[in-house]
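If you want the building blocks of each chain, they are given just below.
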Amino acid sequence: MMDRRNGSPLEDSTELRRAVIATALAMNTAGINVNTSGNVSARCARGTRVGFVITPSAVPYAELAEGDLVFVDAEEAMTGAHRPSSEWRFHFAIYAARDDVGAIVHTHSPHATALACQQLDIPSFHYMVAVAGGSDIRCAPYATFGTQELADHALAALDGRRACLLAHHGVIACGADLKRAFALAVEVENLARTYIAVRALGTPKLLADAEMTLVLKRFATYGQLASD
Ligand SMILES: [Zn+2]
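In this text the structure is predicted, and so the values were computed from the model without any measurement.

J.: Talk me through the packing of aromatic side chains; I want residue IDs and the actual numbers.
T.: Counting across every chain of the model gives four aromatic pairs. Judged by centre distance (5.0 Å) and plane angle (35 degrees), the ring pair of phenylalanine 52 and tyrosine 95 falls under tilted. With a gap of 43 residues between them, phenylalanine 52 in strand E2 (residues 49-54) and tyrosine 95 in helix H2 (residues 88-97) connect regions that are remote in the sequence. According to the relative accessible area criterion, tyrosine 95 is buried, its value standing at 5%. Their ring planes at 35 degrees and their centres at 5.0 Å tell us that phenylalanine 125 and tyrosine 195 sit as a pair that is tilted. Taken together, the residues phenylalanine 125 in the loop between helix H3 (110-117) and strand E6 (139-140) and tyrosine 195 in helix H5 (residues 178-200) connect sequence positions 70 residues apart. Each member of the pair, phenylalanine 125 together with tyrosine 195, is buried.

J.: Talk me through the coordination of the zinc ion; I want residue IDs and the actual numbers.
T.: Protein coordination at the zinc ion: the donors are His106 (NE2), His108 (NE2) and His169 (NE2), at 2.0 to 2.2 Å from the metal. Sequence positions of the donors to the zinc ion reduce to the motif H-x1-H-x60-H. Judged by relative accessible area, which is 0%, histidine 106 ranks as buried. Its relative accessible area of 30% is what places histidine 108 among the partly exposed residues.

J.: So what about unusual backbone geometry? Which residues, and what values?
T.: The backbone of glutamine 119 shows a phi angle near 55 degrees, a positive value even though the residue is not glycine. Look at glutamine 119 and you get exposed, because its relative accessible area is 53%. With phi around 55 degrees, histidine 168 is a residue other than glycine that occupies positive phi space. Inspection of the secondary structure assignment puts histidine 168 in the loop between strand E7 (163-166) and strand E8 (170-175).

J.: How would you summarise the sheet that holds E8 if you had to cite specific residues and measurements?
T.: Reading across from one edge, E4-E3-E2-E1-E5-E8-E7-E6 is the order of the eight strands in this open sheet, with mixed pairing throughout. Of all the strands in the sheet, just strand E4 (78-79) and E6 have a single pairing partner and so form its edges. With two bridges connecting them, strand E3 (residues 70-73) and E4 associate as antiparallel partners. Considered in E4, the bridge of phenylalanine 71 is made with threonine 79. Set on the sheet, H3 makes contact with E6, E7 and E8; between it and E7 the angle comes to about 60 degrees. Along the sheet face, helix H4 (residues 148-157) touches E6, E7 and E8 and points at about 140 degrees away from the line of E7.

J.: Account for the pattern of salt bridges, with residues named and values stated.
T.: Counted under the stated rule, the structure contains seven salt bridges. With its nearest N and O atoms 2.9 Å apart, the salt bridge here joins arginine 18 to glutamate 66. Of the two residues, arginine 18 sits in helix H1 (residues 14-29) while glutamate 66 sits in the loop between E2 and E3, which places them 48 residues apart along the sequence. With relative accessibility at 51%, the residue arginine 18 sits in the exposed group. A relative accessible area of 25% means that glutamate 66 is categorised as partly exposed. Linked by salt bridges that have partners in common, Asp12, Arg17 and Arg46 make up one network.

J.: Quick one: what's the story with H4, residue by residue and with numbers?
T.: Of all the residues in H4, the buried ones are Leu150, Ala151, Ala154 and Ala157. Down the axis of H4, the sector holding all buried residues measures 130 degrees, keeping them to one side. Looking at the buried residues of H4, the elements they touch are H2, E6, E7 and E8.

J.: Can you break down the layout of surface pockets residue by residue, with the values?
T.: By volume, the second largest pocket amounts to about 150 Å³. Lining the second largest pocket are 15 residues, with Thr36, Ser37, Asn39, Ser85 and Ser86 positioned closest to its centre. For the lining of the second largest pocket, the class distribution of residues is four nonpolar, ten polar and one charged.

The rules behind the values
Residues numbered from 1 in each chain as written. Predicted model: local features only at pLDDT ≥ 70, side-chain atom pairs only at ≥ 80, totals over all residues. Heavy atoms only, no water. Phe/Tyr/Trp six-rings, centres within 6.5 Å; stacked < 30°, edge-to-face > 60°. Helix = DSSP H or I, 4+ residues; strand = E, 2+ residues; numbered from the N terminus. Buried < 20%, exposed > 50% of the residue type's maximum accessible area, 1.4 Å probe, protein only. Donors = N, O, S within 2.8 Å, 3.2 Å for Na, K, Ca; no water. Pairing = 2+ DSSP bridges. Contact = heavy atoms within 4.5 Å. Axes fitted to C-alpha atoms, helices over the stretch in contact; angles between N-to-C directions. Salt bridge = Lys/Arg side-chain N within 4 Å of Asp/Glu carboxyl O. Arc of directions from axis to C-beta. 1 Å grid on protein atoms, 1.4 Å probe; cavity = no way out; pocket = protein on both sides within 12 Å on 5 of 7 lines; lining within 4 Å. Points joined across faces, edges and corners; volume = space filled by probe spheres on them. Nonpolar A, V, L, I, M, F, W, Y, C, P; charged D, E, K, R; others polar.

Printed below as a string of structure tokens:
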């Protein structure tokens, strides 16, 4: 239902906005977000204006109503009563550059953020690392939150990937729809928790690139993290 079809985005709707709010609430329930540090967006259009809806800045998720979300179009024009999340620039940059992305979940989930605070990539220590689209999950260099510099770093770290870490900050997970982006954010946190445990046991042993390539092919066949 939330899939983009034929390359044209969904229309901004009450249903889509409810799904964005449900995803934001689910982040807290899943333990990957505290208060309103994270944010969620979904690509959509309002008539001929193409853009995305995003959670607003500083409104508790439990109090969010559909009308509180902010629509940001391709000209950076905003529609809504609130300011968008302070991180709207990297959402904007990702939608502009990546046709495959229909939704974005950003969190400060604790284990993934711990790795990010050490400026560590997540290497191929486990085959599930491939769910992010490649043989590793990169950590983007640090830049101040809300800046274009951070958006640029995030986009580079996401090259060929659907998720990345942000140094001294958190995680970005992308998907064709909200369900897939959320599932990936949960998976990255789970992988990060395991990777920290593995590092505590000694130097991590990694899977070879050839094996990760094979895993990626199998994921393509079996639809890993698919919504159906
Ligand atoms: Zn953040």
